[in-house]
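Tertiary structure, described
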Amino acid sequence: MDVRVVYCLLLWAAHFFLAVPHTTPRVLSNESKTGYEQDACINLIPCQDNGAICIQPCSPSFHGETSFVCEDRKWQMLSDACASLDVQSLFQRISQSELPCSGGHGGGAGEHLPFVGGGKLGPGKPGDGAKHFGAGNHSCQADFSCIIPDILSSPAIPGNIADIVELLKKISLLLSENVTRGKMQSYSRIANHILNSSIISNWAFVKDRNAGSILLDSVNLFAGKLLLRNGSESIQEPFIATKGYSIHRNTSGKSFDFSMEFNSTGNITGHVVIPEEELLRLPRASKAISVAFPTLGVILETNRPDPAVVNGMVLSVLLPEELQNILLTFEKLNKLEQVGAQCVGWHSAERRWDPRACAVRAHNISAVVCVCAHRHRTYRAFSILMAPAVPRSSLLDYITRVGLGLSILSLVLCLAIEAVVWQHVTKTEITYMRHFCLVNIAASLLVADVLFILAAIVHNAALNYQLCVAATFFLHFFYLALFFWMFTLGLLILYGLLLIFFKITRSVFLAAAFSIGYGCPLVISILTVAITEPKNGYLRSGACWLNWYETKALLAFVVPALSIIVMNLIVVIVVVVKTGRSSIGEGCKSQDLSSMIRVSKNVALLTPLLGLTWGFGLATIIDSRSLAFHVVFALLNAFQTREALRMNCFSSRRKWGLEKS
């Protein structure tokens with residue numbers, strides 16, 4: 001028997017058995033319930049257990065089912081797979097010669113076999129799949145135009161959206177050879193129907209949560225096969241636009257400009273530029289195609305734990321593999337000044353926005369310029385995310401720059417003065433230990449400040465990734481070293497106050513101080529990069545610093561730093577108690593005043609020296625949008641070094657900073 005006949009018989013058998021209506025209850029799980037009347041979940045079945053699932057059939061004119069989940073004793077819609085389209089019949093109209101049960105067999109069984117997107121067989125509509133067969137079938141295969149009326153007349157409900165995504169996927173996989181302008185126009189009209197801004201909310205109830213990503217991949221695959229007439233092509237629909245150009249190494253920089261409707265209130269623009277130096281990489285003439293989606297960003301889930309959302313159109317760029325970097329300009333949807341921007345690429349394998357693909361080149365209140373790494377198998381679609389950002393202020397920038405400059409200058413002077421007077425101020429064991437800690441605090445902070453400037457220069461992680469990793473590692477290490485040396489100084493102060501009769505040798509002190517000051521930071525820094533970098537979670541997006549949202553690598557700095565601040569705060573409290581105890585309450589006003597002055601001086605000295613001003617960073621974490629908190633934090637820490645060193649390095653001949661009368 002002919003294999004094609006057997007295939008058709010098997011399909012008919014499957015259709016017969018699956019078309020038999022279910023008359024017995026279907027229990028999908030212990031927590032799932034099935035309703036057999038319209039609105040049964042809402043009206044008949046009580047919602048008692050949170051997380052319970054109820055499934056009910058669609059109305060008679062639709063096929064599929066609707067799922068509800070129990071939340072707070074109310075049924076909430078989870079997914080809606082009710083559909084009216086018969087996508088298998090639609091697909092067969094445009095691929096008649098390629099299916100095994102059609103063509104020379106006189107319109108066999110498969111010609112009318114109903115099919116529901118996602119592989120489910122269903123009843124379909126009487127006559128669907130037949131009314132456009134016959135004389136016009138050849139022209140339908142040429143440009144897919146015969147299925148357009150059925151699709152555009154169907155409601156863009158979640159079930160139909162899922163089926164249309166499945167149809168576009170099938171067309172991209174099986175019918176993407178020789179994509180003419182007519183085919184691309186029909187394909188775009190179909191996609192435009194489910195990308196309309198007025199029905200975007202329906203995507204929330206599509207059963208397959210990856211439907212948006214599947215649509216993006218399907219469009220990219222199909223558009224990538226577009227044939228260019230006379231070296232260029234442009235196909236525009238309200239919510240999807242495709243442009244293509246022929247390119248070669250002698251072409252000046254190519255660009256694509258898009259201005260498209262986002263909603264009823266206005267348009268949104270996008271701009272793609274292929275730099276001329278990139279075109280020089282081309283070994284032969286090729287083509288560049290870009291597809292713009294003004295509304296697809298709302299559909300694609302961000303899959304990020306932070307509250308970032310897409311703030312521009314999605315631009316797909318289909319280029320030869322030799323081209324690596326492109327420039328993209330996105331107009332912002334939300335143009336508020338306090339909204340930050342992040343350039344991202346869609347990772348087609350992991351189906352998420354990936355900040356490693358792009359870096360911000362320029363940024364203003366209305367637009368963002370991104371430089372992105374185009375990877376044929378990974379990154380082909382790009383956009384921008386918005387998130388509440390650290391408030392940008394010229395005052396804040398000025399304080400940071402001036403404070404950083406004064407800090408570096410003070411540190412250099414401090415180390416120079418220490419080198420000159422070292423022999424004179426380290427004659428006793430306790431002064432040697434004090435100045436040894438002070439020198440290492442100054443050296444660690446000086447190196448950290450220089451690395452901070454270097455990290456700001458190479459913050460473009462997409463183009464200087466290895467250098468950015470190295471800068472972040474050493475920045476992390478030396479900032480930790482700063483805190484651990486301040487911790488060592490705090491322990492030394494406790495030793496001088498509480499263990500007066502216990503002496504430690506210089507060699508023991510040096511071994512313990514180096515183990516704490518540099519050993520602990522080295523272990524923490526190495527473990528952090530070793531654990532997070534293999535998962536590409538070491539760096540944060542847009543800066544050479546530790547990641548927070550994906551891997552929480554920043555905790556490797558925050559936890560040790562805050563712990564040391566708490567310990568040093570205890571040290572200051574002990575100092576206040578010990579130095580203020582002598583004469584308070586004895587009735588002598590002059591001694592009381594002297595004691596209060598002594599306590600105030602010690603607190604003023606130890607607060608910056610032991611890094612307690614960094615504790616104010618907690619306020620910026622609690623309210624990250626407050627400009628006042630950021631300004632105060634910048635002021636305290638920018639001038640921490642100058643104040644601490646003024647009272648120590650420039651008074652190196654004075655007695656140990658804790659005054660005792």
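Only a predicted model underlies this, so the values are computations on that prediction, with no experimental measurement involved.

1. Digging into the pairing of strand S9 (residues 286-293)
Along any regular strand the residues' side chains alternate between the sheet's two faces. Counting buried residues along S9, six of its eight residues qualify, which places the element largely inside the surrounding structure. Both strand S6 (residues 240-247) and S9 contribute to a ladder of seven bridges, which runs antiparallel. The partner of tyrosine 245 across the bridge, within S9, is alanine 288. The sheet contact formed by S9 and strand S11 (residues 314-318) spans five bridges and is antiparallel. The residue bridging serine 290 from the neighbouring strand is valine 317, located in S11.

2. Description of helix H14 (residues 506-532)
Along an α-helix, a turn takes 3.6 residues, which lines up residues three or four apart on a common side. Under the 1.5 Å per step criterion, the end-to-end length of H14 is 38 Å for 27 residues, consistent within 8% with the ideal 39 Å. Maximal helix bending in H14 amounts to about 35 degrees, located at glycine 519; proline proline 521 follows within four positions. Looking only at H14, the buried set comprises Phe509, Ala513, Gly517, Tyr518, Pro521, Ser525, Thr528, Val529 and Thr532. Where H14 is buried, its residues touch helix H12 (429-457), helix H13 (465-498) and helix H15 (555-579).

3. Notes on the pairing of strand S16 (residues 367-373)
The buried fraction of S16 amounts to six of the seven residues, a majority that puts the element mostly inside the structure. Here five bridges tie strand S15 (residues 358-363) to S16, and the two strands are oriented antiparallel to one another. Following the sheet pairing, alanine 362 is matched in S16 by valine 369.

4. As for the packing of aromatic side chains
Inspection of the entire model under this criterion finds 19 aromatic pairs. Ring geometry for phenylalanine 436 and phenylalanine 514: centres 5.6 Å apart, planes at 70 degrees, overall edge-to-face. Placement of the pair is phenylalanine 436 in helix H12 and phenylalanine 514 in helix H14, with a sequence separation of 78 residues. The exposure class of phenylalanine 436 is buried, given its relative accessible area of 12%. Ring geometry for tryptophan 545 versus phenylalanine 557: centroids 5.5 Å apart, planes at 75 degrees, classification edge-to-face. Placement of the pair is tryptophan 545 in the loop between H14 and H15 and phenylalanine 557 in helix H15, with a sequence separation of twelve residues. Its relative accessible area of 18% is what places tryptophan 545 among the buried residues. Of the aromatic side chains, those joined through ring pairs into one cluster are Trp422, Tyr432, Phe436, Phe477, Phe478, Trp485, Phe509, Phe514 and Tyr518. Sitting over the ring of phenylalanine 91, lysine 170 keeps its end group 5.6 Å from the ring centre. Lying across the ring of tyrosine 432, arginine 506 places its NZ or CZ 3.8 Å from the centre.

5. Re the pattern of salt bridges
Opposite charge on two side chains makes pairing possible when the charged atoms of those side chains draw close. In the structure shown here, the tally under the stated rule is ten salt bridges. A salt bridge links arginine 356 to aspartate 354, with the shortest nitrogen-to-oxygen separation between them at 2.6 Å. Looking at arginine 356, the relative accessible area reads 27%, which means it is partly exposed. One salt-bridge network, held together by shared partners, links Glu350, Arg352, Asp354 and Arg356.

6. Section: unusual backbone geometry
For asparagine 178, which is not a glycine, the phi torsion comes out positive at approximately 55 degrees. As for its position among the elements, asparagine 178 is in the loop between helix H6 (158-174) and helix H7 (181-195). Here asparagine 178 falls in the exposed class, since its relative accessible area comes to 53%.

7. Comments concerning the UniProt feature "transmembrane region" (unreviewed entry) in the protein chain
Using the residue numbers shown here, the UniProt feature "transmembrane region" (unreviewed entry) corresponds to residues 402-425, 437-457, 477-501, 508-531, 554-577 and 603-621. Helix and strand shares over residues 402-425 are 100% and 0% respectively, and the end C-alpha atoms of the span are 31 Å apart.

8. Some points on the state of the cysteines
As enumerated under the stated definition, the model contains four disulfides in all. Each sulfur in the disulfide pair cysteine 468 and cysteine 544 lies 1.9 Å from the other. Here the S-S torsion is close to -130 degrees, and the disulfide linking cysteine 468 with cysteine 544 is therefore left-handed. Highlighted residues: cysteine 468 in helix H13 and cysteine 544 in the loop between H14 and H15, separated in sequence by 76 residues. The exposure class of cysteine 468 is buried, given its relative accessible area of 0%. In this structure cysteine 544 comes out as buried when scored by relative accessible area, which is 5%.

9. Topic: H7
The end-to-end C-alpha distance of H7, which contains 15 residues, comes to 20 Å, matching closely the 21 Å that a straight helix rising 1.5 Å per residue would cover. Across the 15 residues of H7, eleven count as buried, placing the element largely inside the fold. Taken as a whole, H7 has its buried residues at Lys183, Met184, Ser186, Tyr187, Ser188, Ile190, Ala191, Asn192, His193, Ile194 and Leu195.

10. Quick look at a nonpolar patch on the surface
A cluster of nonpolar side chains, Leu173, Leu174 and Leu221, forms an exposed patch at the surface whose accessible area comes to about 280 Å². Relative to the helices and strands, leucine 174 resides in helix H6.

11. Regarding the side chain of glutamate 278
Residue position: glutamate 278 is located in helix H9 (residues 276-279). A distance of 2.9 Å separates a polar side-chain atom of glutamate 278 from the backbone nitrogen of glutamine 324. Residues in contact with glutamate 278, not counting those within four places in the same chain, are Leu323, Gln324 and Asn325.

12. A closer look at the nonpolar core
By size, the foremost hydrophobic cluster in this structure holds 55 residues, and its most contacted members are Ile94, Ile171, Leu195, Trp203, Leu215, Phe293 and Leu296. Broken down by element, the residue count for this core peaks at seven residues, all from helix H8 (residues 211-223). Residues contacting isoleucine 171, with those up to four places away along its chain left out, are Phe91, Ile94, Phe144, Ser176, Tyr187 and Phe222. With 52 residues, the next largest nonpolar core counts Val458, Leu480, Ile493 and Tyr538 among its residues.

13. Re the packing of H6 against H8
Contact geometry for H6 and H8: axes closest at 9 Å, N-to-C directions at 30 degrees. Comparing their axes, H8 and H6 come out roughly parallel. Here the hand of the crossing between H6 and H8 comes out left-handed. The residues of H8 that touch H6, namely those facing Val165, Leu168, Lys169, Ile171, Ser172 and Leu173, are Ala211, Ile214, Leu215, Ser218, Val219, Leu221 and Phe222. Looking at side-chain class alone, the contact of H6 with H8 contains ten nonpolar, two polar and one charged residues.

14. Points about the side chain of lysine 243
By the element assignment, lysine 243 lies in strand S6. For the buried residue lysine 243, which engages in no salt bridge, the nearest side chain bearing the opposite charge is aspartate 257, 6.3 Å off. A polar contact is formed between the side chain of lysine 243 and the backbone oxygen of aspartate 257, at a distance of 2.4 Å. Contact partners of lysine 243, with chain neighbours within four places excluded, come to Glu233, Ser234, Phe256, Asp257, Phe258, Ala288, Ile289 and Ser290.

Conventions used here
Residues numbered from 1 in each chain as written. Predicted model: local features only at pLDDT ≥ 70, side-chain atom pairs only at ≥ 80, totals over all residues. Heavy atoms only, no water. Buried < 20%, exposed > 50% of the residue type's maximum accessible area, 1.4 Å probe, protein only. Helix = DSSP H or I, 4+ residues; strand = E, 2+ residues; numbered from the N terminus. Pairing = 2+ DSSP bridges. Expected span 1.5 Å × (residues − 1). Bend = angle between axes of the 7 residues up to and from the residue. Contact = heavy atoms within 4.5 Å. Phe/Tyr/Trp six-rings, centres within 6.5 Å; stacked < 30°, edge-to-face > 60°. Lys NZ or Arg CZ within 6 Å of the ring centre and 35° of its normal. Salt bridge = Lys/Arg side-chain N within 4 Å of Asp/Glu carboxyl O. UniProt positions renumbered as here; feature names shortened; annotations may be inferred. Disulfide = S-S within 2.5 Å. Patch = residues over 30% accessible without salt bridge, like charges linked within 9 Å, V, L, I, M, F, W, Y side chains within 5 Å. Areas by Shrake-Rupley, 256 points an atom, 1.4 Å probe, with all protein chains shown as cover. Polar contact = N/O pair within 3.5 Å; in protein donor to acceptor, adjacent residues only side chain to side chain. Core = buried A, V, L, I, M, F, W, Y, C linked by side-chain atoms within 4.5 Å. Axes fitted to C-alpha atoms, helices over the stretch in contact; angles between N-to-C directions. Parallel < 35°, antiparallel > 145°, perpendicular 65-115°, else oblique. Left-handed = near helix turned anticlockwise from the far one by under 90°. Nonpolar A, V, L, I, M, F, W, Y, C, P; charged D, E, K, R; others polar. Lys, Arg positive; Asp, Glu negative; His and termini not counted.

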